[in-house]
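# Tertiary structure, described
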Number of protein chains: 2
Amino acid sequence: MRMVDLIEKKRDGHVLTKEEIHFIIEGYTNKIIPDYQMSSMLMAIYFNGMNDLEATELTLAMLNSGETINLDVIEGIKVDKHSTGGVGDKTTLVLGPLVASCNAKVAKLSGRGLGHTGGTLDKLESIPGLSIDIEIEDFINQVNDIGIAVAGQTANLTPADKLLYALRDVTGTVPSIPLIASSIMSKKLASGSDVIVLDVKIGEGAFMKTLEDAKALSHLMVKIGTNVGKKVVAFITDMGEPLGYAIGNKLEVVEAINSLKGEGPSDLHKLVVEISAYMVYKANITKTLEEAKLLVEEKITNKEAYEKQMEFIKRQGGVLPDLEDFINVKEIIEVKAQESGYVKQIHALQIGLAAMKLGAGRATKEDIIDPDVGILLNKKVGDQVEKGETLAYLYNNLENIDSIIKETLESFVITKEVVEKKNIIFDIIT
Amino acid sequence: MRMVDLIEKKRDGHVLTKEEIHFIIEGYTNKIIPDYQMSSMLMAIYFNGMNDLEATELTLAMLNSGETINLDVIEGIKVDKHSTGGVGDKTTLVLGPLVASCNAKVAKLSGRGLGHTGGTLDKLESIPGLSIDIEIEDFINQVNDIGIAVAGQTANLTPADKLLYALRDVTGTVPSIPLIASSIMSKKLASGSDVIVLDVKIGEGAFMKTLEDAKALSHLMVKIGTNVGKKVVAFITDMGEPLGYAIGNKLEVVEAINSLKGEGPSDLHKLVVEISAYMVYKANITKTLEEAKLLVEEKITNKEAYEKQMEFIKRQGGVLPDLEDFINVKEIIEVKAQESGYVKQIHALQIGLAAMKLGAGRATKEDIIDPDVGILLNKKVGDQVEKGETLAYLYNNLENIDSIIKETLESFVITKEVVEKKNIIFDIIT
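This text gives an overview of the structure that appears in the document. None of these values were measured; they are calculated from a predicted model.

Moving on, we get to the side chain of Glu407 of chain A. Checked against the element boundaries, Glu407 of chain A lands in helix α17 (residues 402–411). Excluding residues within four positions of it along the chain, Glu407 of chain A makes contact with Gln350, Ala354 and Lys357 of chain A.

Given below as C-alpha cells:
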C-alpha cells in the first residue's frame, strides 16, 4: 500500500477501506508517513469528506494509537459528556454532581481552556485545595464511592489525534466535519464511558458556525458511537451569547453552585436538566425520559445534587470558603449601557476574549490564569435595559483596562425593538 | 503574512494576490514554508484552481526562483517548442532543423526521458559522437552560426518548480491544470525564447487524458505567455497511438531523418509541418500562416531542411554512419497478427512501456538506455491487417522477452469493421 495512491483515491472522491485508514493512521503515528503526505490527505478529506464508516474507522484507528481507560471495575453505567466549547460553559460543574446524585457514574477526564473558551479543570482548580491530579486507581475508587470524579488526562490517550490536530492547525484543515467528529469521538471512546452526551455549540463563540454544520457533525458523531456500541446523544445548543451570567473561573464555580441550589440562570438550568435527563435515561436509571427529567429536578429541589457537589469538591481536596469571601479582586468595574432598549445580542467570542484579557483565560498554553477575575453579566439577550444601567461587572486585578471595558461594552448590541429570548436547545440528535 | 491564512484563503475559493503567491514560492524555495503546508496548499489549488492571473504570478514566481537564459545576443526571433510528452515523439528532431532552415532561431534546452515517453537528448545521444553538453557561450554562437542548437539543461533554472514537482509527485497533486501550466511555462520562459509552440498531447499515452482538460491547459498556457509578452500557440494532438512508426532512440532518429527527406510517416509529417509553420509565421518570417506552410514544405522538398539537420548533427560532434549500419541488435522479432481485420487502436502507454522494457527507456532515473533497441510498428490505426501479417518489429538485445512480445501484441486492438484514420491535430489554441 502506498500513501500517494490513497491520497489520490480520496482526492478522486472514492471511499477508503478499513485497512487503508488503519494503514494511514498507524503509518503517520509511527512516522513512516511524512507530514507532507498527511496534510494533502487531510485537505483531500476536507474537500471530499468521509462517509460514516470511514469516520468510524478513523476514530477506531486513532483510539488504537494509544492507551485507553478501562472503567469496567466501576459498577453501574458510566456516563460522560463533552462540550465543543463555549463562553461561560460551566455545564460539567453542574451536571456532573447532578447525574451522580441520580446514581449514574461520572468518571470524567477533562481539559484546560485555551483562547476565549474556559476549561473545566481550570474552573475546579480555582477552588482552594482542589486537585485534579488523581492516580487512576484512586480515580476509580472515588467513582465507586461517591459516583463522580473529575481528573486531568495523564495517560497517553489517542496520540494520533494529538499529532493530527497539531498538523491540521497549521494546514488549514481544522474545519472538516469527519475530522472533528473522529477527533472528539476517539477521545471520548478512549475515556471508557458507556453513555456519551455531546453538547455541540453553535454561534460565533463556538467552533461550529451554522446549524447545518452542527447537525452534520452531530449526526456523524452519534453514528460513530452507535457503530461501536455506545449510546450517544448530541445536543445542538446556542452559543450566540455566553451561557449563564458568569465568565471566569471562580465566578463560574459560584454560578454552578447556585445552579445546583436551584438558584441559577434559567438558560443554564434548562440545558443542565435536559442533558442530565438524557444521561440518566440512557444509563437505564429511569424507564422514560420524562421520569428522568422529574428525577433530575427533584435532586435539585431536595438539595441532594448540591450535597453531592460539596462531597465531590471535598473528596478532591477542595476547601470552599463562604461564597462571599471566595472571590477577591482589586476592583469591580461596572460597564453601563449608553442607550436604552433591548439586548439583541451579546457577542460571545468578543466578550470571551475580553474575559481572557482580564486574566480569566489563556491566550497561549503557557499563560497563567487569575482565578478571581472575569466578567459577570447583568443583562442577557432579550432583557430590557435603561441608559446608565449596568450591563456587566468586570472583576479586575489589572491596571489600565480601558480597552477591555470598551470591548465588553461593544459586545452588547442594543436595539429599540423588543427582542424575544431564544430557546437554548436547537436540536437533539439521538 | 502567514502561510496557514493563505491555505485557508485558497481552500475557501478566494483569489491569491501577486504578493501572496510570491511570498509562498519564495518562502518554500528558501525552506521557510515547510513541505506539509505547501502540500495542503497544492491540494487546495487542485480543488479550487487558479485564475489566469494567479497562474501567471505563480509562473513568474517560479521563474524568479532561479537563473534564466538570456538569448538577447542571438540575432532574430528565437522559437521554442515543448511537448507534454508522448510515445514515439521525435517531433523536435524534425522541426528543429526545419524551422532553422526557414531562418528562425532554435536555441533549445531539452530533457531526458522517463517511463514510457522518450526524451530528445537520449535520441540525439544515440548518434555516435554527438554531445549535448555545450557551454552557454558555444550554444549561443552555434545558434548564431547555423540557426539551431540543442543542449542539456545545466543552469539552475526554476528550482522552485523542481521542488514543487517532487512534492506534487508524492502528494497526489500532479494533475492540476494551473500547476502543470505554470510548471511548463516557467521552464519555457526561463529558456528565453520569444515564440513558444506547445504540443499538448492527449490520450492514454499522454499526461492529459481528455480533450476538455487539454483545452483548459492549452488556453491557460497561452494566456500566461500572452500576459508576459510572449507569442504562444498550443497544439492539441493525438497520443492515442504512437507518433509515426518508430519507438526507440536510433529508430526514431532514422525516422526523423527520413521525415526531413520527405519520406516520413504521414502523421509525423502533418504534425511537423503544421507546428513548424506556426513557428515560422510567429517569428515574422512570413506574412501569413499559409505562406509559412508553403515555405516549410518547400524546405523539405528542396532538402534544405535535411541538409540543416546534417549540419546540426555534425556541429554537435555527431558522426552518422550509413543508416543501414546505424542500428545493431541481436535480433529483430516480428510480432504477428493473430486475426484479420482493421487496427482499431494501438495502446500507446502499453507499447511505450514494452519499448522501455526492451531497454529503449528508463523505469528509474538511474537506468541506462540501449540506443539500438525499440519497436518499429508495421501497422498504424486504420490499417487493414491479415492474420499472420507483421504488426511490429521488436529490435532486441535481451534474453527471454516473451512477456514483452505478448504486451506488444496486446497493445493492438483488431476489429472486423473498417476503421477511419484520425486527424492527428485536434485543435490549435492561439
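Now that the structure is up, let's keep going.
Those residues of helix α1 (residues 3–11) of chain B that fall on the buried side of the exposure criterion are Met3, Val4, Leu6, Ile7, Lys10 and Arg11 of chain B. Down the axis of α1 of chain B, the buried set is contained in an arc of 160 degrees. They therefore lie on one face. Check the buried side of α1 of chain B and you find it contacts α3 (35–48) and α8 (159–170) of chain A together with α2 (18–29), α3 (35–48) and α4 (52–64) of chain B. Two residues or fewer past α1 of chain B, Gly13 of chain B is found with a positive phi of approximately 85 degrees.

The next subject is the pattern of salt bridges. All names here are of chain B. Enumeration over the complete set of coordinates arrives at 53 salt bridges over all chains. Linking Asp122 and Arg362 is a salt bridge whose minimum nitrogen-to-oxygen distance equals 2.9 Å. Taken together, the positions of Asp122 in helix α6 (residues 120–125) and Arg362 in the loop between α16 (348–360) and β9 (374–377) put the pair 240 residues apart, joining distant regions of the chain. Of the charged contacts, one joins Lys308 and Glu311 as a salt bridge, the two residues approaching to 3.2 Å between their closest N and O atoms. Of the two residues, Lys308 and Glu311 both sit in helix α14 (residues 304–315), 3 residues apart, roughly one turn of that helix.

This brings us to the relation of the copies chain A and chain B. Of the two same-sequence chains, chain A is brought onto chain B (RMSD 0.0 Å, axial shift 0.1 Å) by a rotation of 179 degrees. Here the two chains are linked by the operation of a two-fold rotation axis. Residues of chain A ranked by C-alpha distance from the rotation axis are headed by Tyr36 of chain A, positioned 1.9 Å from it. A share of 100% of the interface residues of chain A reappears at the interface of chain B, consistent with the copies meeting face to face through the same patch.

This part is about the packing of helix α5 (residues 91–101) of chain A against helix α11 (residues 249–260) of chain A. For any two helices packed against each other, one specifies the crossing angle of their axes together with the interaxial distance. All names here are of chain A. Taken N-terminus to C-terminus, the directions of α5 and α11 make an angle of 35 degrees; their axes are 8 Å apart at the nearest point. Once α5 is placed against α11, the crossing between them reads as right-handed. Of the residues in α11, those touching α5 at Leu93, Val94, Pro97 and Leu98 are Glu252, Val253, Ala256, Ser259 and Leu260. Taken together, the residues of the contact of α5 with α11 sort by class into 7 nonpolar, 1 polar and 1 charged.

Before going further, it helps to examine the interface of chain A and chain B. Chain A puts 22 residues into the contact, and the matching count from chain B is 22 residues. Overall, the association of chain A and chain B removes approximately 1,700 Å² of surface from exposure, summing both partners, and the carbon and sulfur fraction of that is 68%. For the chain A face of the interface with chain B, the top three residues by lost area are Arg11, Tyr36 and Phe47 of chain A, together amounting to 37%. Viewed at the interface, chain B and chain A are joined by 0 salt bridges. Inspection of the region where chain A meets chain B yields 11 residue pairs in polar contact (both at pLDDT 80 or more). Broken down by secondary-structure element, the contributors of at least two residues to the side of chain A that touches chain B are α1 (3–11), α3 and α8 of chain A. Among the elements that take part in the side of chain A that touches chain B, α3 of chain A stands out by supplying 10 residues, more than any other. When the residues that make up the side of chain A that touches chain B are grouped by side-chain class, the tally is 10 nonpolar, 7 polar and 5 charged.

A word on the sheet that holds strand β7 (residues 331–336) of chain B. Residue and element names in this part refer to chain B. Here we have 4 strands laid out as an open sheet, ordered β6-β9-β11-β7, and antiparallel in their pairing. At either margin of the open sheet sits one strand with a lone partner, and together these are β6 (246–247) and β7. With 2 bridges joining them, β6 and β9 adopt antiparallel strand pairing. Bridge assignment links Ile247 to a residue of β9, and that residue is Ile375.

Moving on, we come to the sheet that holds strand β12 (residues 412–415) of chain A. Neighbouring strands of a sheet are bound in pairs by backbone hydrogen bonds; such pairs are parallel or else antiparallel. All names here are of chain A. Sheet architecture is open: 3 strands sit in the order β10-β8-β12, paired in antiparallel fashion. On the outer flanks of this sheet lie β10 (384–385) and β12, each paired with one strand and no other. Along the sheet, α17 makes contact with β8 (341–346) and β12, crossing β12 at roughly 45 degrees.

Attention now goes to the environment of Pro175 of chain A. In this fold, Pro175 of chain A is placed in the loop between α8 and α9 (177–190). For the pair Pro175 of chain A and Asp213 of chain A, spaced 38 residues apart in sequence, the C-alpha to C-alpha distance is 9.8 Å.

A few words now on the environment of Lys308 of chain A. All names here are of chain A. Classification of Lys308 by relative accessible area gives buried; the value is 15%. Not counting chain neighbours up to four residues away, the residues in contact with Lys308 comprise Pro97, Ala100, Ser101, Ile146 and Ile148. Within polar-contact distance, the side chain of Lys308 engages the backbone oxygen of Ile146 at 2.8 Å.

Criteria and cut-off values
- Residues numbered from 1 in each chain as written.
- Chains lettered and ligands numbered in written order.
- Predicted model: local features only at pLDDT ≥ 70, side-chain atom pairs only at ≥ 80, totals over all residues.
- Heavy atoms only, no water.
- Helix = DSSP H or I, 4+ residues; strand = E, 2+ residues; numbered from the N terminus.
- Contact = heavy atoms within 4.5 Å.
- Buried < 20%, exposed > 50% of the residue type's maximum accessible area, 1.4 Å probe, protein only.
- Arc of directions from axis to C-beta.
- Salt bridge = Lys/Arg side-chain N within 4 Å of Asp/Glu carboxyl O.
- Least-squares fit on C-alpha atoms with pLDDT ≥ 70 in both.
- Axes fitted to C-alpha atoms, helices over the stretch in contact; angles between N-to-C directions.
- Left-handed = near helix turned anticlockwise from the far one by under 90°.
- Nonpolar A, V, L, I, M, F, W, Y, C, P; charged D, E, K, R; others polar.
- Buried area = accessible area lost by both parts, 1.4 Å probe.
- Polar contact = N/O pair within 3.5 Å; in protein donor to acceptor, adjacent residues only side chain to side chain.
- Pairing = 2+ DSSP bridges.

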